[in-house]
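# Structural features, examined
Spelled out, the chains give:
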Amino acid sequence: GTKAFPYIANCPPGSSPPDGAHAAPQALARLQLLLRGPDEGERPAPDEPPTSPLSSFFNGSGTKRLPQALIVGVKKGGTRALLEFLRVHPDVRAVGAEPHFFDRNYPRGLAWYRDLMPRTLDGQITMEKTPSYFVTKEAPARIATMAKDTKLIVVLGRVQDFLGLKRIITDKHFYFNKTKGFPCLKKAEGSSKPHCLGKTKGRTHPNIDQEVVQRLREFYRPFNMKFYQMTGHDFGWD
Ligand SMILES: Nc1ncnc2c1ncn2[C@@H]1O[C@H](COP(=O)(O)OS(=O)(=O)O)[C@@H](OP(=O)(O)O)[C@H]1O
């Protein structure tokens, strides 16, 4: 079947998750984030019909391929940060915007989807991220129809190993930006300039009544336990 593996949120791949507010994709944190606008990387996928595979091949180096790995969620789990950090890897090429193919754009067909992809050379991994796949009932079957061995990433942990990549992206690629309160890239993909994610990331979180926090913890505890059992890993969220 399709491979699925949980991976860590809100910390650069290859580093340990930090303590504190951004340490884990807890249900509670996600609840606080539901009112957010769309991801800054999100823009509508283009409407033009895809070019033929032949013209794509001759127009530039490399070939557009369907993705072998998808970041499917969770929403607000740090999916944008993971993709932006991962695409620093020379063997990863990614779509910038969220294609929303397996939810809203599915009727456009696989040729349309493939045309959104960046060109890759043999051995490079093509990726995209659309966190709403995680909450789309039809998405798993649709992804399996595309390719049963598609790697599905739910943001939780060390992604380079899962993708079979050499551990090239390390702490050395990041610096801590005090204003943003985040690790940011010293150099973005294809650039020599530092890069933090945009202003839609890193909002001030409201203070939530401790009683409400407690109720939410209790509500999610059994789900967290089940998740630890499934993954064989205690994330210590409660
Ligand atoms: N290093 C780094 N850089 C930028 N942003 C970071 C980082 N680490 C964690 N985060 C926090 O991740 C939250 C956004 O998650 P997503 O990108 O998955 O959001 S979305 O569902 O695609 O809209 C968003 O949380 P909020 O700011 O609370 O909304 C980001 O702040």
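What you see is a predicted model, and the numbers here were worked out from it, not measured in a lab.

### Structural notes on the overall build of the protein
Within the protein, the secondary structure is distributed over 7 helices and 9 strands. Contacts in the protein between residues far apart in sequence, at least 24 positions, make up 76% of those at least 6 positions apart.

### Digging into the UniProt feature "domain: Sulfotransferase" (unreviewed entry) in the protein
Those residues carrying the UniProt feature "domain: Sulfotransferase" (unreviewed entry) are residues 67-147 and 155-221 in this numbering. Counted over residues 67-147, helix gives 28% and strand 19%. Its end C-alpha atoms are 9 Å apart.

### A short note on unusual backbone geometry
With an omega of -5°, the peptide bond running from Gly 73 to Val 74 counts as cis. Locating Val 74 in the fold gives a position in the loop between strand E3 (69-73) and helix H3 (79-86). Even without glycine at this site, His 100 takes up a positive phi of about 50°. Summarising the element assignment, His 100 is placed in the loop between strand E4 (92-94) and helix H4 (110-116). Looking at His 100, the number of C-beta atoms within 10 Å reads 17, which means it is partly exposed.

### A closer look at H3
Within H3, 8 of the 8 residues are buried, which leaves the element mostly enclosed by the surrounding structure. Burial in H3 covers these residues: Thr 79, Arg 80, Ala 81, Leu 82, Leu 83, Glu 84, Phe 85 and Leu 86.

### Overview of the UniProt feature "active site" (unreviewed entry) in the protein
The feature "active site" (unreviewed entry), as annotated in UniProt, sits at Lys 76 in this numbering. As for its position among the elements, Lys 76 is in the loop between E3 and H3.

### Quick notes on the nonpolar core
Residues Leu 70, Ile 71, Leu 82, Leu 86, Met 127 and Ile 153 are the most contacted members of the largest nonpolar core, which totals 36 residues. Those elements that provide at least two residues to this core are E3, H3, E4, strand E6 (125-129), helix H5 (139-146), strand E7 (151-154) and strand E9 (182-185).

### Some thoughts on the environment of Arg 65
Tracing the backbone shows Arg 65 in the loop between strand E2 (63-64) and E3. Distance in space between the C-alpha atoms of Arg 65 and Ala 111 is 9.7 Å, their sequence separation being 46 residues. Sequence-distant contacts of Arg 65, that is, excluding residues within four places in its chain, are made with Arg 114, Met 117, Thr 120 and Thr 126.

### Some details on helix H7 (residues 210-231)
Across its 22 residues, H7 extends 29 Å between first and last C-alpha, which sits within 8% of the 32 Å expected from 1.5 Å per residue. In terms of burial, H7 is largely open, as just 0 of its 22 residues are buried.

### Focus: the environment of Cys 196
Tracing the backbone shows Cys 196 in the loop between E9 and H7. For Cys 196, a count of 18 C-beta atoms within 10 Å puts it in the partly exposed group. A sequence separation of 12 residues divides Cys 196 from Cys 184, and the C-alpha atoms of the two residues are 4.6 Å apart. Excluding anything up to four places from it in sequence, Cys 196 contacts Asn 177, Lys 180, Phe 182 and Cys 184.

### Thoughts on the pairing of E7
Burial along E7 is two-sided: the face carrying Lys 151 and Ile 153 and the face carrying Leu 152 and Val 154 are both buried. Here E3 runs beside E7; their pairing, made up of 4 bridges, is parallel. Looking across to E7, one finds that Leu 70 is bridged to Leu 152.

### Quick notes on the pairing of E9
By the alternation rule, side chains of E9 split into Phe 182 and Cys 184 and Pro 183 and Leu 185, which are all buried. Two elements, strand E8 (residues 174-177) and E9, share 4 bridges in a ladder whose sense is antiparallel. Note on E9: the bridge partner recorded for Phe 176 is Pro 183. The hairpin turn running from E8 into E9, its antiparallel successor, is 4 residues long, and Gly 181 in that turn takes a positive phi close to 75°.

### Quick word on the confidence of the model for the protein
Within the protein, residue pLDDT values average 79, and 74% of them lie at 70 or more. Segment residues 5-38: pLDDT under 50, and 76 contacts once partners within four positions in sequence are set aside and those in other chains are kept. Below pLDDT 50 for its whole length, residues 40-53 participates in 20 contacts with residues either more than four positions away or in separate chains. Across the interfaces of the predicted complex, the ipTM metric reaches 0.93, alongside a pTM of 0.73.

Scoring rules and cut-offs
- Residues numbered from 1 in each chain as written.
- Predicted model: local features only at pLDDT ≥ 70, side-chain atom pairs only at ≥ 80, totals over all residues.
- Helix = DSSP H or I, 4+ residues; strand = E, 2+ residues; numbered from the N terminus.
- Contact = placed C-beta atoms within 7 Å.
- UniProt positions renumbered as here; feature names shortened; annotations may be inferred.
- Buried ≥ 20, exposed ≤ 12 C-beta atoms within 10 Å, placed from the backbone.
- Core = buried A, V, L, I, M, F, W, Y, C linked by C-beta atoms within 7 Å.
- Expected span 1.5 Å × (residues − 1).
- Pairing = 2+ DSSP bridges.
- pLDDT = per-residue confidence, 0-100.

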